[in-house]
2 protein chains.
Amino acid sequence: MVDERAQASGDDGLDGLETPCLILDADRLKANVDGMRRRLDKLGVALRPHLKTAKSLPVARMAMSRPDGPATVSTLREAEYFAEGGVRDMIYAVGIAPQKLDRVGAIRRRCTADLAIVLDSRAQAEAVALWSRRAGDALPVLIEVDADGHRSGVDPRDAEQLRAIGDALAEGAELRGVLLHAGDSYGLSDPVALRAAAEAERSAAVAAASILRDAGLPCPTVSIGSTPTARYAAHLEGITEVRAGVFMIGDLFQAGVGSCAVEEIALTVLTTVIGHQHQKGWIITDAGWMALSRDRGTARQAIDQGYGIVCDRAGRPLEDLIVRDANQEHGILALRAGASAALPDLPIGTRLRILPNHACATGAQHDRYHVVAEGRHKGEIWPRINGW
Amino acid sequence: MVDERAQASGDDGLDGLETPCLILDADRLKANVDGMRRRLDKLGVALRPHLKTAKSLPVARMAMSRPDGPATVSTLREAEYFAEGGVRDMIYAVGIAPQKLDRVGAIRRRCTADLAIVLDSRAQAEAVALWSRRAGDALPVLIEVDADGHRSGVDPRDAEQLRAIGDALAEGAELRGVLLHAGDSYGLSDPVALRAAAEAERSAAVAAASILRDAGLPCPTVSIGSTPTARYAAHLEGITEVRAGVFMIGDLFQAGVGSCAVEEIALTVLTTVIGHQHQKGWIITDAGWMALSRDRGTARQAIDQGYGIVCDRAGRPLEDLIVRDANQEHGILALRAGASAALPDLPIGTRLRILPNHACATGAQHDRYHVVAEGRHKGEIWPRINGW
């Protein structure tokens, strides 16, 4: 009786919303945050949530240990926004360009925020030390270490490079520690491999910290973080904090990795049926890639979820129905290849919700969350920011 | 001497910009608009530019024949924004949901805008006619016709369905014509096939219009539109207007189709080098997929451009250098597979510009254009909107 379920509006509060729009399930969000917090408490490390997924102050307040942090950000725009919202302890976790130092300094001064930066080369360290001396502001710096060849960072065995960066920073800046991100864990799905990736991230972090300490350099912070490794780490000895972010919200990609269950995903896109191509078995909606994002992360996983799993307006997946393709403002729903279910009858005007491939990418297509709690939207809107 | 070129700042006005950000080359934009206008003038049809790519009033004013239109939009947010900016003649070219009719009516009233809508089913036509009677506002409607099985629309040979929709609209609404979009042309690259796709779009439009007229129904507007078919149509007899949009700006995907040349693309993302992984031949920048979008349209074309072609700050492509991969706020530059060029030396802080896969998707990640004219940015910023 899919049709009735999908059409039943009840008093869920969704009828007044313009589609497409983002729906955030506050109950699931809270459960995800509580789960990660319990897990990290048990492992004896602090949570420094990455706010790049949610980009929203109300979500940040739910995820942080205290109203002033700690937190991680991916842009200086986020740093400004959260600093203005009272967050004081932040790491801007993208390698610094020298041109951005004045803006970092301005955020630190204006908001008395302890905003730390990240780098992985001696050239950057020298520029930061010079800026610090000139500004009279010893910028706190974490050296980015490469956990798995994914992206940036110093090789954790390259003692010479680590010491050279540390020595350069000592000329005016503040060396605060090391930072790693095991991004290659996103490509895994086997628990054994995920535990190994987590241990590789941990041991690389500890090795780099030891090199600095053995050279007489400070390394109070040993920061790691990715949602999959945070979920699968067996122990985190030697680590002081974890910077996971997408875990709060979850998405189909993380479900494919094994970092969350589909029914834990807190984010959906509300959409309306606008047409049918009956002969092809297509249902057309007003949520295209502009609303869902172009992210097709699950295309490389064991189960390709298209542009997302289609749910009824209560958020319950409709059997075997996915967003098969997307144009800018059109979603094309169809059954999965080999599906046993029949195509549901979803008349023009039916409201549906789409579980996204990637919460960070889908969220970024929108400027607000329509909050649902206990299955109802009572008009509460949480802002979110974009841009740099 | 790539390095010197890339580092030379001269007086291009780009040093003061925060990266990543969008750069719009106004000279290329104007040339693209002029070229399409000349072409359509020769074919004897009007241009109703689609504003979904640019989403910017200054760009719209350059692309439209008159300050009040005509124009095409893909969201009601665009309709509101452009109506408030003086555009009066618009088609909202996405199949209408009945829930959106009040908002359509409000835009028409508040801005005295001639905003037309689109549908492809009798159920929608009946809802629109009922709304029109109740509101005392005969909504102008175009029937969407399916040119090529790409997405939405009535089969152009289905006379019964076309007449049924026309008859239903006659009960209060205004049937204004037919509308087609040959979206499958995006998958082509052979000029012969593109000319055939353009002719198929044209002949389907004319066939559907004839069915309506033969039934005594009005069909003043016969509207087609896609950038590839607009570029390749041999003649457009029976067509009244073309709704192309991305042609104004161009992108690597359209270059792959053959709808524009790489050196005609008016949009780039300005970025800064933030790191190197020398052993891997990677250069890391601050333009990740958040700035470039997740669109990888060229992955399915003959030449895969990664997340974009890397140019120096003047917009000249650096030989064989592409954005090989992207994380949220990190771009990973590397030479193409099999490249003969050497990796250029691009120190930390070097400014580069990235030509995007898809102008519509990349634009949507930003809220403004930094305008360059005659090779210089003099502080001019053009706004752009997003959302629904």
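Residues numbered from 1 in each chain as written. Chains lettered and ligands numbered in written order. Predicted model: local features only at pLDDT ≥ 70, side-chain atom pairs only at ≥ 80, totals over all residues. Heavy atoms only, no water.

Caption draft 1: Quick look at the overall build of chain A. From N to C terminus, chain A includes twelve helices and 17 strands. Computed over its C-alpha atoms, the radius of gyration of chain A comes to 22 Å, within 12% of the 21 Å expected for a compact globule of 388 residues. For chain A, the spread of C-alpha atoms along the three principal axes comes to 70 × 45 × 35 Å. By residue count, 63% of the 388 residues in chain A fall in the buried class. Across chain A, contacts joining residues at least 24 apart in sequence account for 68% of those joining residues at least 6 apart. Here chain A displays about 13,900 Å² of accessible surface, and carbon together with sulfur accounts for 49% of that area. Between the centroid of the 45 positive side chains of chain A and the centroid of its 51 negative side chains there is a distance of 2 Å. (Helix = DSSP H or I, 4+ residues; strand = E, 2+ residues; numbered from the N terminus. Rg over C-alpha atoms; globule rule 2.2 N^0.38 Å. Buried < 20%, exposed > 50% of the residue type's maximum accessible area, 1.4 Å probe, protein only. Contact = heavy atoms within 4.5 Å. Areas by Shrake-Rupley, 256 points an atom, 1.4 Å probe, with all protein chains shown as cover. Lys, Arg positive; Asp, Glu negative; His and termini not counted. Charge placed at Lys NZ, Arg CZ, Asp CG, Glu CD.)

Caption draft 2: Structural context of the nonpolar core. Membership of the largest hydrophobic core comes to 223 residues, with the highest contact counts inside it found for Val128 and Leu169 of chain A together with Val128 and Leu169 of chain B. With residues up to four places along the chain from it excluded, the contact list for Val128 of chain B reads Ile96, Leu101, Ile117, Leu119, Leu139, Val141, Leu169 and Ala173 of chain B. (Core = buried A, V, L, I, M, F, W, Y, C linked by side-chain atoms within 4.5 Å.)

Caption draft 3: Focus on the packing of helix H7 (residues 159–169) of chain A against helix H8 (residues 191–214) of chain A. All names here are of chain A. Between H7 and H8, the least distance of the axes is 10 Å, while the angle of their chain directions is 60°. It follows from the interaxial angle that H7 and H8 lie oblique. Handedness of the crossing formed by H7 with H8: right-handed. Facing H7, whose interface residues are Ala159, Leu162 and Arg163, H8 presents Ala208, Ile211 and Leu212. When its residues are assigned to classes, the contact of H7 with H8 shows five nonpolar, no polar and one charged. (Axes fitted to C-alpha atoms, helices over the stretch in contact; angles between N-to-C directions. Parallel < 35°, antiparallel > 145°, perpendicular 65-115°, else oblique. Left-handed = near helix turned anticlockwise from the far one by under 90°. Nonpolar A, V, L, I, M, F, W, Y, C, P; charged D, E, K, R; others polar.)

Caption draft 4: Looking closely at helix H5 (residues 101–110) of chain A. All names here are of chain A. Considered for burial, the residues of H5 that qualify are Leu101, Arg103, Val104, Gly105, Ile107 and Arg108. Close packing links the buried residues of H5 with helix H4 (76–84), strand E5 (114–119), helix H6 (122–135) and strand E6 (140–144). At the C-terminal side of H5, Thr112 shows a positive phi close to 40°.

Caption draft 5: Focus on the interface of chain A and chain B. Across the boundary between the two partners, chain A contributes 54 residues, which contact 54 residues of chain B. Summed over both partners, the interface of chain A with chain B buries about 4,400 Å², with 52% contributed by carbon and sulfur atoms. Looking only at chain A, the three residues that lose the most surface to chain B are Arg151, Arg294 and Trp388 of chain A, adding up to 17% of its buried area. Where Asp146 of chain B meets Lys280 of chain A, a salt bridge forms, and the shortest distance between an N and an O atom there is 3.9 Å. (Buried area = accessible area lost by both parts, 1.4 Å probe. Salt bridge = Lys/Arg side-chain N within 4 Å of Asp/Glu carboxyl O.)

Caption draft 6: The domain arrangement of chain A, seen in detail. All names here are of chain A. Its domain assignment divides chain A into domain 1 (55–244) and domain 2 (260–383). Each of domain 1 and domain 2 was reduced to a C-alpha centroid, and the two centroids are 35 Å apart. Counting residues at the interface gives seven residues for domain 1 and five residues for domain 2. Of the roughly 460 Å² buried between domain 1 and domain 2, counting both surfaces, carbon and sulfur atoms make up 61%. Three residues, Ser56, Pro58 and Arg231, lead the burial of domain 1 against domain 2; their summed loss comes to 54% of the area buried on that side. Where domain 1 meets domain 2, there are zero salt bridges. Between domain 1 and domain 2 we count one residue pair in polar contact (both at pLDDT 80 or more) in total. Broken down by element, the side of domain 1 that touches domain 2 gets its largest block of residues, three residues, from helix H3 (residues 57–63). For the side of domain 1 that touches domain 2, a count of residues per class yields four nonpolar, one polar and two charged. (Domains from an automatic or database assignment. Polar contact = N/O pair within 3.5 Å; in protein donor to acceptor, adjacent residues only side chain to side chain.)

Caption draft 7: A look at the UniProt feature "domain: D-serine dehydratase-like" (unreviewed entry) in chain A. In this structure's numbering, the residues bearing the UniProt feature "domain: D-serine dehydratase-like" (unreviewed entry) are residues 266–373 of chain A. Secondary structure content for residues 266–373 of chain A is 8% helix and 40% strand, and the end C-alpha separation is 11 Å. (UniProt positions renumbered as here; feature names shortened; annotations may be inferred.)

Caption draft 8: Focus on the sheet that holds strand E6 (residues 140–145) of chain B. Residue and element names in this part refer to chain B. One open sheet holds the eight strands; their spatial order is E2-E9-E8-E7-E6-E5-E4-E3, and the pairing between them is parallel. Where the open sheet ends on each side, the last strands, each with one partner, are strand E2 (46–47) and strand E3 (71–73). Strand direction decides the pairing type here: strand E5 (residues 114–119) and E6, joined by three bridges, are parallel. The residue of E6 that forms the bridge with Leu119 is Ile143. Along the sheet face, helix H5 (residues 101–110) touches E5 and E6 and points at about 155° away from the line of E5. Relative to the sheet, helix H7 (residues 159–169) contacts E5, E6 and strand E7 (174–180), its axis offset from that of E6 by approximately 170°. (Pairing = 2+ DSSP bridges.)

Caption draft 9: Quick look at the pairing of strand E10 (residues 267–277) of chain A. Residues and elements named next belong to chain A. Within E10, eleven of the eleven residues are buried, which leaves the element mostly enclosed by the surrounding structure. Strand direction decides the pairing type here: strand E1 (residues 21–25) and E10, joined by four bridges, are antiparallel. Bridge assignment links Cys21 to a residue of E10, and that residue is Leu270. Bridging between E10 and strand E15 (residues 351–355) involves four bridges; their strand directions are antiparallel. Opposite Thr271, over in E15, you have Leu352 as the bridge partner. Where E10 folds back on strand E11 (residues 282–285), the antiparallel hairpin that results is connected by four residues, among which Gly281 adopts a positive phi of roughly 75°.

Caption draft 10: Quick peek at the relation of the copies chain A and chain B. It takes a turn of 180° to lay chain A on chain B, together with a shift of 0.0 Å along the axis; the resulting RMSD is 0.0 Å. When the rotation and shift are considered jointly, the pair of chain copies conforms to a two-fold rotation axis. When C-alpha positions in chain A are compared against the rotation axis, the closest is assigned to Arg294 of chain A, at 2.5 Å. (Least-squares fit on C-alpha atoms with pLDDT ≥ 70 in both.)

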